[in-house]
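The primary structure of each chain is shown beneath.
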Amino acid sequence: MADRDEVDSLIEAWARERNDLDLAPVAVFSRIARVSHHVDKARRHAFTSHDIEPWEFDVLAALRRAGAPYELSPGRLLRETLVTSGTMTNRVDRLTTRGLVERHPDPSDRRGVLVRLTPEGKDAVDGAFAALLDAERELLTGLSADDQAELAGLLRRLLLPFAG
């Protein structure tokens, strides 16, 4: 086989040592883990090139996806980013200090606040997202558009049982 990767060698070694086991999951998940490593590196580079951390991107991106005026309640941010209340408070505080978000009173709940993206925050997340897309596009250059669509569909099927 001409197109071999390190997972092929890993599977051969396991097959030699444990020929009693079905190694099909290793062929899938070892490759997913290796691709994930490369995606993480690309994400870190895209974000650091725009002076933001991955956790900052998660919060800023949730606000950006909300649409103008780019604001969400802290509770909604919790659901969007899957972190605890204490963690979100700390993150919003740090982003506020950096001038990337600001807090405003919630007009529909006088005890509540809304977290809003500042123009600087919008520029940071837009730049980081464009850089991320460029990096991810580069990672996919070995696959045709049809292959990418097929892979996306297969991964969707794999993830559906975990959808909450």
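Keep in mind the model is a prediction, meaning the values are calculated, not measured.

Reading the values: the criteria
Residues numbered from 1 in each chain as written. Predicted model: local features only at pLDDT ≥ 70, side-chain atom pairs only at ≥ 80, totals over all residues. Heavy atoms only, no water. Helix = DSSP H or I, 4+ residues; strand = E, 2+ residues; numbered from the N terminus. Buried < 20%, exposed > 50% of the residue type's maximum accessible area, 1.4 Å probe, protein only. Polar contact = N/O pair within 3.5 Å; in protein donor to acceptor, adjacent residues only side chain to side chain. Contact = heavy atoms within 4.5 Å. Phe/Tyr/Trp six-rings, centres within 6.5 Å; stacked < 30°, edge-to-face > 60°. Axes fitted to C-alpha atoms, helices over the stretch in contact; angles between N-to-C directions. Parallel < 35°, antiparallel > 145°, perpendicular 65-115°, else oblique. Left-handed = near helix turned anticlockwise from the far one by under 90°. Salt bridge = Lys/Arg side-chain N within 4 Å of Asp/Glu carboxyl O. Pairing = 2+ DSSP bridges.

Engineer: Even after reading the chapter, I still don't get the side chain of Thr81, so can you show me in this structure?
Structural biologist: Topologically, Thr81 is positioned in helix α4 (residues 74-81). Thr81 sits in the buried class, given a relative accessible area of 14%. Reaching out from Thr81, the side chain makes a polar contact with the backbone oxygen of Leu77 at a distance of 2.7 Å. If we skip the residues at most four places from it in the chain, Thr81 touches Asp58, Val59, Ala62 and Met88.

Engineer: Looking at this structure, how should I read the packing of aromatic side chains?
Structural biologist: For any two aromatic rings, the description comes down to two numbers: the centre-to-centre distance and the angle of the planes. Using the criterion set out here, one finds 2 aromatic pairs in the structure. Centre to centre, the rings of Phe47 and Phe57 are 4.4 Å apart; their planes meet at 20°, and the pair counts as stacked. Here Phe47, found in helix α2 (residues 24-48), pairs with Phe57, found in helix α3 (residues 54-65); they are 10 residues apart in sequence, far enough to count as distant. With respect to class, Phe47 is no different from Phe57; both count as buried. Between Phe57 and Phe129 the ring centres are 6.4 Å apart and the planes differ by 25°, which places this aromatic pair in the stacked class. A residue pair is termed long-range when its members are at least 10 positions apart, and Phe57 in helix α3 and Phe129 in helix α6 (residues 119-139) qualify at 72 residues. Owing to a relative accessible area of 7%, Phe57 belongs among the buried residues under this scheme. In textbook terms, an aromatic cluster arises when at least three aromatic residues are bridged by ring pairs, as seen for Phe47, Phe57 and Phe129.

Engineer: Is there a simple way to explain the packing of α2 against α6 in this structure?
Structural biologist: When two helices pack together, you describe them by how their axes are tilted relative to each other and by the distance separating the axes. Running from N to C, α2 and α6 point in directions that differ by 150°, and their axes come no closer than 8 Å. Between α2 and α6, the angle falls in the class roughly antiparallel. For the crossing formed where α2 meets α6, the hand is right-handed. Note on element contacts: α6 touches α2 through Ala128, Ala131, Leu132, Ala135, Glu136 and Leu139, opposite His38, Val39, Ala42, Arg43, Ala46 and Phe47.

Engineer: Teacher, can you tell me more about the pattern of salt bridges here?
Structural biologist: Oppositely charged side chains can pair when the atoms bearing their charge come close. Counted under the stated rule, the structure contains 16 salt bridges. Here Asp58 ties to Arg43 by a salt bridge, and the two come within 3.7 Å at their closest N and O atoms. Within this pair, whereas Asp58 is found in helix α3, its partner Arg43 is found in helix α2, the two being separated by 15 residues in sequence. Among the charged side chains, a salt-bridge network with shared partners connects Asp5, Asp8 and Arg31.

Engineer: I would appreciate a short explanation of the pairing of strand β3 (residues 109-117) in the present structure.
Structural biologist: Sheet faces and side chains relate simply in a regular strand, where the side chains alternate between the two faces. In terms of strand pairing, strand β1 (residues 71-72) meets β3 through 2 bridges, oriented antiparallel. Bridging across to β3, Leu72 finds its partner in Val115. As defined by bridge partners, strand β2 (residues 101-106) adjoins β3 across 6 bridges and the pair is classed as antiparallel. Its bridge partner lying in β3, His104 is registered against Leu114. Linkage of β2 to β3, two consecutive antiparallel strands, is achieved through a turn of 2 residues.

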